Structures are given as structure tokens and as C-alpha cells.
Amino acid sequence: MDDLDKAILINFDESGTIDDSLKKQAKTFCEQIKAKPSICSMCIEKLCFSNLIQVQFWCLQTLHEAIVSRYSSMNPQEKQLIRHSVFSIVCLEGVGANNSATRVLEGPPFVKNKLAQVLVTLIYFEYPLIWSSVFLDFFPHLNKGKMVIDMFCRVLNALDDELISLDYPRTPEDISVATRVKDAMREQCVGQIVRAWYEIVSMYRNVDEEVCVGVLESMRRFISWIDIGLVVNDAFGALLFDLVLAAGVGDRLRSAAIKCLTAVVSKRIEPRSKLALLQSLQISRLFRLVVDDANAELVSDIAVLLTGYATELLDCFKRIDSEARGISMELLDEVLPSVFHLMKDSELDATFNVVQFLSSYVATMKSITPLGEKQLLHVGKILELISVLIRYDPEYRSNIDMLDKIGKEEEDRMVDFRKDLFVLLRSVGRVAPGVTHLFIRNLLANVISTSSNSSNVEEVEAALSLLYALGESLTDEAIRDGQGLLSEVVPMLLSTKFSCHPNRLVALMYLETVTRYVKFIQDNTQYIPMVLAAFLDDRGIHHPNINVSRRASYLFLRFVKLLRVKLVPFIETILQSLQDAVAQFTSMNYTTELSRSEDGSHIFEAIGLLIGMEDVPPEKQCDYLSSLLIPLCQQVEVLLVNDKTNVEANVKVAAIQHIIMAINSLSKGFNERLATSSRPTIGLMFKQTLDVLLQVLVVFPKVGSLRSKVISFIHRMVDTLGSSVFPYLPKALGQLLAESEPKEMVGFLLLLNQLMCKFNTSVHDILEESFPAVAGRVLSVIAGDALLLGPGAVTAITEEVRELQELQQTFLSFLHVVATHNLSSVFLSPQNREYLDQIMQLLLYSSCNHKDILVRKIFIRLIKDWCGQPYEEKVPGFRNFMIQTFAINCCLYSVLDRSFEFHDANTHILFGEIVLAQKVMFDKFGNEFLVYFVSKGFSSAHCPPHLAEQYGQKLQEADIKELKSFYKSLIENLRIQQNGSLVFR
């Protein structure tokens, strides 16, 4: 070995025993050698003598790089040396005085592939203009045997990979060269190449399968762009089918032949010619392999072939308008049974392709009316396939039932896989509704007849899933009418208890399916007891699996909302069935029960909706409600007075939280009229409950989760009790304010908003009393941070910043509600005046910097409230503030800024509010506003006098639409004139 050999070996060493610095030196040395002008001849010489695989590969790689990088600068002698040497090695000829080709061609595949790549790179630059005979020169050497044949195939494969195949991104230059090469090959040598393929396969089929497989792999790549007649003929076509069908042929060779036929089927040609081609193949010869052959890989290849064949036939059917369509349909009818069979057994990839084909087939059937007998038979087979393919694998049954990591992954995979199949089902249902409904009815009847068999979990779940999926294509009216399928299937479903019902998937799909068709029950009330049983027994809320139980509670609530009045006769039965679920919240065993239960909100809301109707007799209604509220409140009282330790406190907080949520949900069934007018006893019970729950804020004043739950309940009581809640509000609001941190004020502000929106000026005194604490706490945290929260903020959006933004936005919304509900006088009371300046500055900044319409509406309303008559001023200094500060900054400077984008829809609406504000200010302030706005504002913006004068006229005479259009045009003119934007002042 010389130094270069040693350096190459060090470079390729992956043992980890060589020092990094030595490797770096070796790499540098190799790069220096590559830079020598004589590198190509050095590489060829090395190839002649070296037996080291690493050296051979390095030399070939270097030759490839040299040709690619400096072919145009090589002299003719160097090109000839490379051309002759490489081709000689490929064709098993000696180079110079040494017969060195054997040592390279006997090397590993990666060396031979690199050799083929070098030759293809020469073809890229030289064929056909310089080296026109490269392919013709190959043929005399093929009789040297498998080594040269193998290299011939590798060169063709490399030609496809490096130049022709469009599976890889190509530059326009590459595409041009590929076109040049293909055109020359078609004209010169493709026929001879195909003849060579045929002769080699015929000669070696019984001698060396590997050689034949390599030839067919090359041929498969070329079929897409060569004359199809060269392959599909009496000789080669017969050979391909013989390789697939003859006994004793190895699976790899059969697979290669099938892939060639797939390439033939997929070749893009004109539809009539394509149909003739497909008809000539007589593909039915292969159908017996679908049943006979057990090799999974071969069956998968056949699946791809037959699916491709069927897809092309369907494409021909769509694109041909003549009697030839009948031929397409006949051939399709012939192949579809085999496609259906393959779909059951082949691998997922092939199945996915078949699903796409079947979807296209069903879509095409829409144009055929009525469907023929064979088409209806195919539709039935498609439905059968869908029912098989959507089944879960029994191997994962326990994993999916427990929903462990493996089960979750498998369930997610199947959910995704099923999507296309359910779309296909709905398409079939639209094309052949009768066949689809009968199939699902029979499938469900079959699994019900074997319902005692606990091993058919997957079949039961699949049947229920099909019935559920079918419902997505039915209208509410069709479900309600319940003609045909539903009148049979729904009663059958409701009366069935599968032995596999404890399985999570079966139980969930059963409940989802019952819920999907519950509208059928609306007009068929005789089935209500059966539906109730399904929800309330161990198929639903009392199912042993907590996930099923929780979902059943939610679905039961949906059922109650839909059939509410019709369930009145069954209230006693329902409450009795739910007694144990309710007891989890009304008994002392909460610490153990809550761990497996849902939070109770769905069950209690359903109960509230049922017992809260006026159809329920008053005495019973009071009994029902008191039997729930009294023990729940007693539980809260017990939890509040007991000794507190750190551990107990956490448990108590969780328990109280669940109880409040349950009471809150229960109250949703009762409206204000019932609780205050028709049945005031109900309202009294809720007031007593409110009294109890307000104590939670005293015992746990700083527990945020409890505060939010109590606030939520107060919201409910405002809606339920109406104005009769007023006596409780001072205490409630006082307790909420007592220990609240500024950033916890969002919930409190929303509660005040609700009170103002519902009661308007009736809450004036309550609001006036609360306002100092609210304003003081909120302004203490947002006044200093307001500049950080605008659209130009550079502050990173941390959780703390997000909370501040939410608080500021909620406070602005609160101020808007105050102003727009005739409560702005609250701002002016003696105890609140001290906050007025800060509020005005916050509103001013927000108006100028936020694209928020609400803030500007506040100012418009305040102008109307505080400046009711011209020159009247309830708030000293407010008029000057609006004219000199608000008008100039928020109605002119902020609009002149180019960040104010007129093309944005929200900004366009905001601009309308800005113009309206000017109109209102002129109406209230008269010429005082106009003179100042023109003399100070427009003059600082360098507005031409004639435009300022026009503005004054429009403001006085034009309607709001015309003024808006003029002002927009004025602002755009000022922007152009200034060629920049003003800084906010």
C-alpha cells in the first residue's frame, strides 16, 4: 500500500480506534490528491491494481466528482481515457496491460453501483452527440455472462435514478438532457435493449433467477416511456404471464414479472388505446393466484396489479363516450371479485389503494341508473369488505379496553384508518340505500343472535360503528320518521344486552349509536323506557368502566334536553336509578367515591332539567329539589366546620368544588319566572343554598378554584332569582373583594358586567359601593403596564403578561358596560372621582393604540352623558380633554399612522367609530371643537387650507357615510404629502 491507500483506509475506518487528528490529516491528504490535474489517470491506475474495496470506491467517487465538476475543461485525451477505461471495466475487459475488470465486478454492490453512476455521468454529457454507440457497444459483451448482464442492468437503473425518473426533483437542464437521451434511445437502441431483455430472461429463467430479476427490474423502470408494443406482444407478453403462472418459478421472479405487468397497466396512453391494451392482456389468467397463492408478498404485488388494472378500467369508463364503455364495465365486473378478496387479506398499503379505487367506483355508479344486478352485487361486497376492514385486531383487545399506551396508539391508528372507509360507506348508502340498509340490518341481527358469545367483541363493535356512521348521512327528518331500517333496527338495538358489553369500545359505540338515533324516539315514545334503561343500567351510567360511565352521563344529558317534557312520567324512575350516583355527593363517603366518579355536572344538570319543568307538580318539585339541595348543603357545612389539616384541606377543597359544580348544574333547569313568581318556594331554597355557599369564601378566602366556582354559582343565581338576589349581593361582592388579588379580578368584573346588563340602573348603589375597590386594585397593576400590552409591545408573552392583558381587556369591557347602561354617574361620585383621571388616561391610550371599537364607544357615550346640552359640562375639564387631547390624538394622529390599515375589515369598522366621534363632538361642542381640530390638528399635519375648509363643511352638512368617505380620502392625501407617519403626542 502506498500513502494514498493508507489515507483512504483511515478515512473509511469506523472502528473508532483511530485518532481524530490522524483522520483529519488523512482527509486533508486525500483532498490534496484530488486537486492534482492527473487525478483521473491516477484513479484509473488504482482501479487496475488495487484489491482494496475502499480504494476502488474512493477512486470511482473521485472520478464521478471530477466529471461532474470539470468535464468541460478536460482535454480530449483525458475524456477518452476515462471513457475507454470505465466502459472496459463495465464490460469485463482489461485496462491497459492488466485484466483488472474482474476484481471490480466481483466487488460488493455499492462499488458496482458507483461504477454504473460514473458511466451514466459520461452518458449525461456525451450521448448521443459524442459517444453515440455506448448502448450498442454493450450488446456484444452480454454473452460474457451474468457479471456483464448485472452491470448492464445497473447502468440502466442508474440512468433511471440519475436522469430519467421523475420521482426525484430535476432541474430544467436535467429534464432537457433526459428528453435528449430518451429520444435518441427510442430511435437507436430501445428495440435492441428489449430484445436483449427477452433473450436473457428466456435463457436464464431456469438457470439463474437473480439475473432474470435484475433484468425485469430494469425493464419495469423503462416501460413508462418506451413503445408499449415492444413489451406487450405475443413473445414478451406470453413470457411475463408464463413466469407468473408456471409451476416451479421462484417467488422473487414471479414478483418481478407481476411488477412489470403493473407498469404496463399503469402506462399513460390515450383512453381507447388503453382499453384495447387492457383487454389484450387477458388479466383474468391471474385471478386464480388470488386464492391459490399463500405467499403474502406475492399476494400484495397481485393486489397492486389488479387494483391498478381496475383503476385504469374505471378511468377508461369515465373518459370514453361510446359502446366501448360497456367493454370497460364488463372487464371491471370480471376483476372486482378478485379485488374484493384481496382487500380482505392484503397489507395496509395495498388496501388503502383499493379503498381509493372503490370510492371512485362508487362515485361513478351515481351516473348509472338503475344499477344492474352485477353492480348491486358489487355494492354488497363493498359493504362486506368495509365491515371486515373496520374491525379492530383481537390481539389488542385487552390493551384497547384498558387504554394503555399500546391500546391508545392502536385505537388512534384505527380511528384514522376508518375515516376513508366510513366516507365510502356513506357514498354507498347514497348510491344504493336499499342494499346498504338491508346489509346493516342483517349484520346487526347476526351479531345480536350471537350476543351470548363474549368473543365477538370486534364484530359487535364494527356492526354498531356501521349503524352509527350511516346516521351521518341521514337527515334529522329521516331519523325522526324512522321508516324502513330504523323502525326495525332501533327497537332491536335497545332491547339487546351483549355479553361483551363490559368491553369499553362496545359500550361506548352502543351509547353513541343510541344517541345518534334518539330523534326517532321523539315520535315513538313507546321506546322511552328502553332508552332510559340503556342509559341508566350497566350499559351506561352504571357501567364498570369509568370512561364509559362518564360518557354515558354526558349523552344522557343530551337525551334529556331533547325529550325533556316527554320524560316527566319517568322522573321517579330516573331519580331512583341515579340515587347511588347522586349519593356520591350527598353522603359522607365522598373521599372514596369521587376518585372514580365524574364531577357530577352532567347528571345533576339532567336532573335539574327534569325536575325544573312547570309540568312537574309543585309539591313533588319541592320534594325533589329539597332532597338534593339539603344534603348537598349539609355536606358543605360539615366540610366547612371540621378541623383543618394540610392534607384534609386539599381533600375538602376538592369535595366542596365538586358539590358546588353539582348544585350549579342542578340550578340550570330552573328559570327565573318559576323561581320567583309561580313557585317562590323554589327560589327560597336556592337563596338558602347561596347563603351556605357564600360561607366558602369566608373559610377558604384565597383558594382560587373555589372562588371561581362560587362566582359561577352567583352568575346562575342572578339568572335564576332575578332581582330577588339583590339582598345577597352586598355580602357576596364584599366577600369576593375582601381577599382578592388584583389579577384575580377578571371573574369579579364579569359578574359585575352580568349584573349591569341584566338590571341596568337598579345596581347603581351596589356598583358605586364596589367601584373604588375594583378600580383601585385593577389600576394598581395595569396602569403601569398598559404600554406593554398594546399592539406594539415588545414584551415576551409570558403567562403573567397574558394574565395582565386579559385583566386589562376585561376592565375596558367593564368600563364600556358601565358607560352604555346609564351608569356613568358612578364615575363621578365623590369616592370614585380620584380614579377618573387614571381611567381617562387608560381609555385615551387604549383608544389611540388598540384596534378596539369598544373603547371609542365609551368616549362617545360619555360625551352624550356628560355634555347633554351644548356648552353644558357636568365634569369640569372634560370638554377640553376631549377637544384638545382625545380628538387630536385618537381621531387624527392615530389614523395618520401607517399602521392604521384601511384594508383591514376591523380597522374599517373602527374608522367609522372615529368619524362618528367627531360628529358627536361637533354636535355637543360646536365650533369650539371644529376650530381647535382644524387650527391645531390639521395645521400640525400640514393639511392644505382648502381641504381643512372642506372638512368643516362636510362635518356640518354631510351625513356620516359621506363624512367617512371624505375623511378617509383626506387622511390618505395627508399620508402621501407627509411621506411618513406622525409620532403619538
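What counts, and where the lines are drawn
One numbering rule holds for all chains: residues counted from 1, following each sequence as written. Predicted model: local features are reported for residues with pLDDT of at least 70 only, side-chain atom pairs are reported and counted for 80 or more only, and whole-chain, interface and lining totals are derived from all residues. No hydrogens and no water enter the side-chain calculation; it runs on all heavy atoms of the structure. Helix and strand assignments come from DSSP, with helices taken as H or I runs of at least 4 residues and strands as E runs of at least 2, each series counted from the N terminus. Note on method: radius of gyration uses C-alpha positions; expected globular size equals 2.2 Å times residues raised to 0.38. Using a 1.4 Å probe on the protein chains alone, a residue whose accessible area is under 20% of its type maximum counts as buried, one over 50% counts as exposed, and one in between counts as partly exposed. The contact criterion used is simple: two residues touch if any of their non-hydrogen atoms lie within 4.5 Å. The method behind every accessible area is Shrake-Rupley, applied with a 1.4 Å probe, and residues are considered shielded solely by the protein chains displayed. Only four residue types enter the charge count: Lys and Arg as positive, Asp and Glu as negative, with His and the chain ends excluded. For charged residues, the charge sits on one atom: NZ in Lys, CZ in Arg, CG in Asp, CD in Glu. Segmentation of the chain into domains, including their bounds, is taken from an automatic or database domain assignment. Throughout, nonpolar core names a set of buried Ala, Val, Leu, Ile, Met, Phe, Trp, Tyr and Cys residues whose side chains join them through atoms within 4.5 Å. In this scheme, a helix's expected span is set at 1.5 Å multiplied by one less than its residue total. This arc is built from the directions going out from the helix axis to the C-beta atoms. To count as a disulfide, a pair of cysteine sulfur atoms needs to be within 2.5 Å. Working definition: a ring pair exists when centres of Phe, Tyr or Trp rings (six-membered ring for Trp) sit within 6.5 Å. Plane angles under 30 degrees give stacked, over 60 give edge-to-face, the rest tilted. Consider the ring centre and the ring normal. A charge sits over the ring if Lys NZ or Arg CZ is within 6 Å of that centre and within 35 degrees of that normal. Helix axes use the C-alpha atoms of the stretch in contact, all axes being lines fitted to C-alpha atoms, and the angles between their N-to-C directions lie in the range 0 to 180 degrees. The crossing is said to be left-handed when, going from far helix to near helix, the turn is anticlockwise and less than a right angle, and right-handed when the turn is clockwise. Each residue receives one of three labels: charged for Asp, Glu, Lys and Arg, nonpolar for Ala, Val, Leu, Ile, Met, Phe, Trp, Tyr, Cys and Pro, and polar for the others, Gly being one of them. UniProt positions are given in the numbering used here, feature names are shortened, and annotations may be inferred rather than shown by experiment. Under this definition, polar contacts are N or O atom pairs within 3.5 Å; protein pairs additionally need one hydrogen-donor-capable and one acceptor-capable atom, and for neighbouring residues in sequence, both atoms have to be side-chain atoms. Confidence scores labelled pLDDT are given residue by residue by the predictor and lie between 0 and 100.

Draft legend 1. Looking closely at the overall build of the protein. Per the secondary structure count, the protein includes 49 helices and zero strands. Here the C-alpha radius of gyration of the protein, 42 Å, is well above what a compact globule of 985 residues would show, namely 30 Å. Counting all 985 residues of the protein, 53% fall into the buried class. Put simply, 74% of the contacts in the protein that link residues at least 6 apart link residues at least 24 apart. By element, 52% of the accessible surface of the protein is carried by carbon and sulfur atoms, the whole surface being about 43,000 Å². Looking at the protein, you have 97 positive and 116 negative side-chain charges, and the mean spots of the two groups are 3 Å apart.

Draft legend 2. Inspection of the domain arrangement of the protein at higher detail. Partitioning the protein into domains gives domain 1 (369-527), domain 2 (745-787 + 797-836) and domain 3 (850-984). Here domain 1 and domain 3 have C-alpha centroids that lie 64 Å from each other.

Draft legend 3. Summary view of the nonpolar core. Ranked by internal contacts, the top residues of the largest apolar core, which has 363 residues, are Met 185, Trp 197, Phe 556 and Phe 814. With 13 residues, the top contributor of residues to this core is helix H45 (residues 878-896). Residues contacting Phe 814, with those up to four places away along its chain left out, are Leu 749, Leu 752, Asn 753, Met 756, Leu 767, Phe 771 and Val 774.

Draft legend 4. Region of the structure containing helix H48 (residues 945-957). Taking 1.5 Å of rise per residue, 13 residues should cover 18 Å, and H48 covers 18 Å from first to last C-alpha, within 8% of that figure. Restricting attention to buried positions, one finds in H48 the residues Leu 947, Ala 948, Tyr 951, Gly 952 and Leu 955. Seen from one end, H48 has its buried residues packed into an arc of 145°, which puts them on one side. Opposite its buried face, H48 presents the exposed residues Glu 949 and Glu 957, each directed more than 90 degrees away. Residues of H48 that are buried in the fold lie against helix H46 (905-925), helix H47 (927-940) and helix H49 (960-978).

Draft legend 5. Representation of the state of the cysteines within the structure. Considering all chains together, one arrives at one disulfide under this definition. Disulfide pairing is shown between Cys 848 and Cys 890; the S-S distance is 2.5 Å. Disulfide Cys 848 to Cys 890: torsion about the S-S bond roughly -85°, handedness left-handed. With Cys 848 in helix H43 (residues 836-849) and Cys 890 in helix H45, this residue pair connects regions lying 42 residues apart in the sequence. By the burial criterion, Cys 848 is buried, and Cys 890 matches it. Among the cysteines around Cys 260, which has no disulfide bond, Cys 153 carries the closest sulfur, lying 11 Å off.

Draft legend 6. Region of the structure containing the packing of aromatic side chains. One pass over the structure, following the stated rule, counts 36 aromatic pairs. Ring geometry for Tyr 71 and Phe 125: centres 4.6 Å apart, planes at 10°, overall stacked. Of this pair, Tyr 71 sits in the loop between helix H4 (53-70) and helix H5 (76-90) while Phe 125 sits in helix H7 (residues 109-126), placing them 54 residues apart in sequence. Phe 125 sits in the partly exposed class, given a relative accessible area of 29%. If you follow Arg 285 out to its NZ or CZ, it ends over the ring of Phe 241, 3.7 Å from the centre. A cation sits over an aromatic face here: Arg 325 above Phe 317, 4.0 Å from the ring centre.

Draft legend 7. Spotlight on the packing of helix H10 (residues 190-204) against helix H12 (residues 236-245). As a packed pair, H10 and H12 sit with axes 11 Å apart at the nearest point and diverge in direction by 35°. Classified by chirality, the crossing of H12 by H10 is left-handed. Where H10 abuts H12, its residues Val 194, Trp 197, Tyr 198, Val 201 and Ser 202 lie against Phe 236, Leu 239 and Leu 243. Across the contact of H10 with H12, the residue classes tally to seven nonpolar, one polar and no charged.

Draft legend 8. Structural context of the UniProt feature "domain: Exportin-1/Importin-beta-like" (unreviewed entry) in the protein. If you check UniProt for "domain: Exportin-1/Importin-beta-like" (unreviewed entry), the listed places come out as residues 108-261 in our numbering. End-to-end, the C-alpha atoms of residues 108-261 are 30 Å apart, and along that stretch the chain is 68% helix and 0% strand.

Draft legend 9. Representation of helix H19 (residues 373-389) in the model. Here H19 contains 17 residues, and its C-alpha end-to-end distance of 25 Å stays within 8% of the 24 Å for a straight helix at 1.5 Å per residue. Of the residues making up H19, those classed as buried are Gln 375, His 378, Val 379, Ile 382, Leu 383, Leu 385, Ile 386, Ser 387 and Leu 389.

Draft legend 10. Inspection of the side chain of Lys 46 at higher detail. For Lys 46, the location among the structural elements is in helix H3 (residues 39-49). In this structure the side chain of Lys 46 is engaged in a polar contact, spanning 2.5 Å, whose partner is the side chain of Asp 2. Non-local contacts of Lys 46, meaning those with residues more than four positions away in its chain, are made with Asp 2, Leu 4, Asp 5, Val 55 and Cys 59.

Draft legend 11. Structural view of the confidence of the model for the protein. Per-residue confidence for the protein gives a mean pLDDT of 89; residues scoring 70 or more make up 93%. Contacts from residues 590-597, a stretch scored under 50 in pLDDT, to residues over four places away or in other chains number 18 contacts. Low pLDDT, under 50, characterises residues 980-985; the stretch is placed with 13 contacts to residues that sit more than four places away or in other chains.

Draft legend 12. Main features of the environment of Leu 639. Mapped onto the fold, Leu 639 is located in helix H34 (residues 618-641). On a C-alpha basis, the gap between Leu 639 and Leu 467 in space is 48 Å, while along the polypeptide they are 172 residues apart.

Draft legend 13. Fine view of unusual backbone geometry. In the segment running from Tyr 127 into Pro 128, the intervening peptide bond is cis, with an omega of 0°. Tracing the chain through its elements places Pro 128 in the loop between H7 and helix H8 (146-164). Its identity as a non-glycine residue notwithstanding, Gln 282 has a phi of 50°, on the positive side. Its place among the elements puts Gln 282 in the loop between helix H14 (271-281) and helix H15 (287-292). Positive phi, normally seen in glycine, also occurs at Asn 822, with a value near 60°.

Draft legend 14. Structural view of the side chain of Thr 689. Summarising the element assignment, Thr 689 is placed in helix H37 (residues 680-699). Ignoring any residue separated from it by four or fewer positions in sequence, one finds Thr 689 in contact with Leu 629, Cys 633, Ile 663 and Phe 713.

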